[in-house]
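Chain by chain, the residues run as shown.
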Amino acid sequence: MQRAGKGRTPRRPKKPSNIEKDPVGVYCRIRPLGGEDEECCVEMISRSTIQLHAPDGLKANRNGEYKETQYCFKKVFGIKTTQIELFEDVAKPLIEDLIHCKNGLLFTYGVTGSGKTYTMTGSPGEGGLLPRSLDMLFNSIGPFQAKRFVFKPDEKNGIEVQNQVDALLERQKRDNQQSVPRTPSSRQRPDPEFADMINPDQACKFEGVDEDCCYSVFVSYIEIYNNYIYDLLEDAPFDPVRPKPPQSKILREDQNHNMYVAGCTEVEVKSTEEAFEVFWKGQKKRRIANTELNRESSRSHSVFTVKLAQAPLDADGDHILQDKSQVNVSQLCLVDLAGSERTSRTRAEGSRLREAGNINQSLMTLRTCMEVLRENQMCGTNRMVPYRDSKVTHLFKNYFDGEGKVRMVVCVNPKAEDYEETLLVMRFAEMTQEVEVARPVDRPICGLTPGRRQRNQAFKDELSRRLEERGGPVNGDPVQLNQLIESLPPLPPCELSDPSDDQTLPRLMEVLERRYRIRQKMTEQFNQTANNMKYTLQQFESQFSSKENVLHDQRSKLGEKDKVIANQRTEIERLEKKSKTLEYKIDILQKTTEMYEQDKRSLQQELEGREQRLQKELAERRRMEQRMQGMVTDTKLKWERECERRVNAKQLELQNKLWVKDEKLKQLKAIVTENGGASGGPAEPPRKPERPSRERDRNIAEKRSASPTPLSTIPPVHPMHRRSHSAGGEKWVDHKPASNLDLDTVMQPIIPNAIKVSTPNEKALSKCHKYVLRHQELASDGEIETKLIKGNVFKTRGGGQAVEFTDIETLKQEDPTAPSRKRRSGSREGPAQTDDIENRPPVANISSSHGYQKRRRP
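Let me begin by describing the structure that accompanies this report. Quantities reported herein were computed from a predicted structural model and do not represent experimental measurements.

Observations regarding the overall build of the chain
The helix and strand tally for the chain stands at 18 helices and 29 strands. Relative to its 858 residues, the chain shows a buried fraction of 35%. Counting contacts in the chain only where the partners sit at least 6 residues apart, residues at least 24 apart contribute 70% of the total. In the form shown here, the chain has an accessible surface area of approximately 54800 Å², with 51% of it arising from carbon and sulfur atoms.

Listed below in structure tokens is the structure:
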């Protein structure tokens, strides 16, 4: 018995640095609106560009933050696109690559209710990408398919090839086992639910199929639900008493570093109807639920895998080549991803909420993997791609590493309610187009001469034709007897009409003798042939006995190998159980790690919040300290000014008292002088004039001092006179440095509505329109000269305050008894006038830089 050959997916060779790469093909399909009155937020501009514009309500809420954005794709399919048009551009090239031993990945992506399942599966009369792909595949390889069980999965992501005898025994074994479910036959009547999925007029066929190969198709169907993998084609025994939930599957890596689902059911199919019936069987087990946004919302990611095994024919073109290195396996994965959704809109609770969280988490992991791949390719970095964070990305990591062509169909719902989710989908699609995948190379099948199947078929046809011309095949004894009789000489007529006839009998005897001689020769030839046949049979028997001995030895060795295999299987089962236990522990550790990370993030957020509050409190404390310092400084200045004012008032009061004493002494002196004059002669001296200026000065001092010391009140001279230009109606900042001296002059510049400061500050300047600076300096004559420097206050562009100086006033104190002082002329008023000037207070001379004349007392 010939041992079965075994074929596996060839290991990916090391790629050179200059290998050609293609970007991920991203297509966009727009779903029609549900009603004519619904608002649309997606517009198709060209065959490769769409434009998103925010709804009016969203613009009003966000103050026009969202603007119209455009996104480009490889091709955009509008609302009037048919399923056949979408298939021609998206899935048909992947089927051609599948037949050419190249892998492919096609998945649909979008928000919930955007038409992903319809795009992948379709409806009666409008079949989607999956049924059309199966139809094209079987239309192309139908005449070249191998019989059932010639190709057999080895449960390790490989394919074994068997000879015709082993395949026949396998078929009989499967037919006799009633407990094992058989694949549906293509001769049966198809299910009416999918019988009219594809119109026969729209059937596609690939003409570039290698006729010198035999093909076999295997399909599997799994779903990823809550980040666990379940086999939808598994026939678990039903227990009505204690029903068991379906067992999850695990991911493994084969010897070629390709990921596969261990223990997944792979069904061999021979027609489109048979394959779609298997798909429909698994589709009925898929988890679907009703939500607020979609009546039939997919709650899991489904993966339908089409695996094509092909092997070349031998040199005669009659049987499959029993060489495991010549068996190639290619596969096409058709993935229907569950839609991302917001729980605030779907109002999911309980299990629906958990499903939505796992769906969004897996899609987020897919986005993260795409971002890391793009960053590694564009920036030259070598960051680790987090494939293992999700079962979806972990299963398809080989495709993104260069195992085949990757294509994505982005389904868009143009209604305004899905605008924000659609915006995120568009950004992910735009990023995915920048990821490049290595272009798969062609795999040569074998080095045999092409056209072997055609030559073998032509030989069989010619042999059948010649046998028909010769009357058909020789199978029975009557035919052989007739041929032998015809090969002998014919008998002459043997009728005797005359007793004296001496020719008929001799002629008959001669013919019979010839027949006898021919019969003897034929007997000799037959005996010789029989002896040769006996010798050949003896040789065959001896060879058969030796073969039996060899076969017995091989069987004994095979029994030993079976024992070894049984031990190895036991060990494998033990390791599988250990692996499952370890994976379960890993899952628990991952969940614990996620919980700890979540707690860490929450604690970090709380710490950041507390730090922000602490910073705010520190800033508020600093502001309070600055404000308190300002208040202390203002209070200190205020009390300093108040003390200074009180000291000045006390000094003025003492001066007034001293002046009163001086007046009394002068009056006493005058009385004494008058008495002396009266005793000397009768002449009466001239009467001394009154001094109104002293009364006026005392009146002014009474107004400026807090103490009511003056004896009489005299109205001032010129009450409407303004002593300074700074006494206007505007609000002033009166800047008097602390180093200035108080001159104790009667006439002081009084500025109403003024804020008095010793040092200017921004707070005082912001409240006023005018500014004046009191500057003192020593004049040339030794007297102190006070200058009032005035200006306008205005705001700067940076938010501060600035002063523009516009005027200068000069206040000067003079001594009237100085020698440079000019005296007025007068004959009789000289002594009285001199005495009056001595008793006057100092005079304030006011001058301006703008040419104002000096004011004098009248």
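Quick notes on a negative patch on the surface
Taken together, the side chains of Glu36, Asp37, Glu38, Glu39, Asp56 and Glu417 present a region of like negative charge at the surface. Positionally, Glu36 belongs in the loop between strand S3 (25-30) and strand S4 (42-44). What makes Glu36 exposed here is its relative accessible area of 84%.

Focus: helix H9 (residues 351-379)
The end-to-end C-alpha distance of H9, which contains 29 residues, comes to 42 Å, matching closely the 42 Å that a straight helix rising 1.5 Å per residue would cover. Of the residues trailing H9, Gly380 is marked for its positive phi of about 75°.

Focus on the pairing of strand S26 (residues 770-778)
Two faces, one strand: in a regular strand the side chains alternate between the faces of the sheet. Bridge count between strand S24 (residues 732-735) and S26: four bridges; the pairing is parallel. Looking at S26, one finds that Trp732 is bridged to Lys770. Alignment of S26 against strand S27 (residues 784-795), held across nine bridges, turns out to be antiparallel. Each bridged residue has a counterpart across the sheet, and for Val772 the counterpart in S27 is Lys790.

Notes on the pairing of strand S13 (residues 213-225)
Counting buried residues in S13 gives 13 out of 13 residues, a clear majority hidden from the surface. A two-sided burial pattern is seen for S13, the buried positions comprising Cys213, Tyr215, Val217, Val219, Tyr221, Glu223 and Tyr225 on one face and Cys214, Ser216, Phe218, Ser220, Ile222 and Ile224 on the other. Two elements, S13 and strand S20 (residues 301-312), share twelve bridges in a ladder whose sense is antiparallel. When the bridges of S20 are listed, Cys214 appears paired with Ala311. Pairing analysis gives three bridges linking S13 to strand S17 (residues 267-269), with the strands arranged antiparallel. The partner of Phe218 across the bridge, within S17, is Glu268. Pairing geometry for S13 and strand S14 (residues 228-231), over four bridges, is antiparallel. Counterpart to Ile222 in the pairing with S14 is Asp231.

Rules behind the numbers
- Residues numbered from 1 in each chain as written.
- Predicted model: local features only at pLDDT ≥ 70, side-chain atom pairs only at ≥ 80, totals over all residues.
- Heavy atoms only, no water.
- Helix = DSSP H or I, 4+ residues; strand = E, 2+ residues; numbered from the N terminus.
- Buried < 20%, exposed > 50% of the residue type's maximum accessible area, 1.4 Å probe, protein only.
- Contact = heavy atoms within 4.5 Å.
- Areas by Shrake-Rupley, 256 points an atom, 1.4 Å probe, with all protein chains shown as cover.
- Patch = residues over 30% accessible without salt bridge, like charges linked within 9 Å, V, L, I, M, F, W, Y side chains within 5 Å.
- Salt bridge = Lys/Arg side-chain N within 4 Å of Asp/Glu carboxyl O.
- Lys, Arg positive; Asp, Glu negative; His and termini not counted.
- Charge placed at Lys NZ, Arg CZ, Asp CG, Glu CD.
- Expected span 1.5 Å × (residues − 1).
- Pairing = 2+ DSSP bridges.

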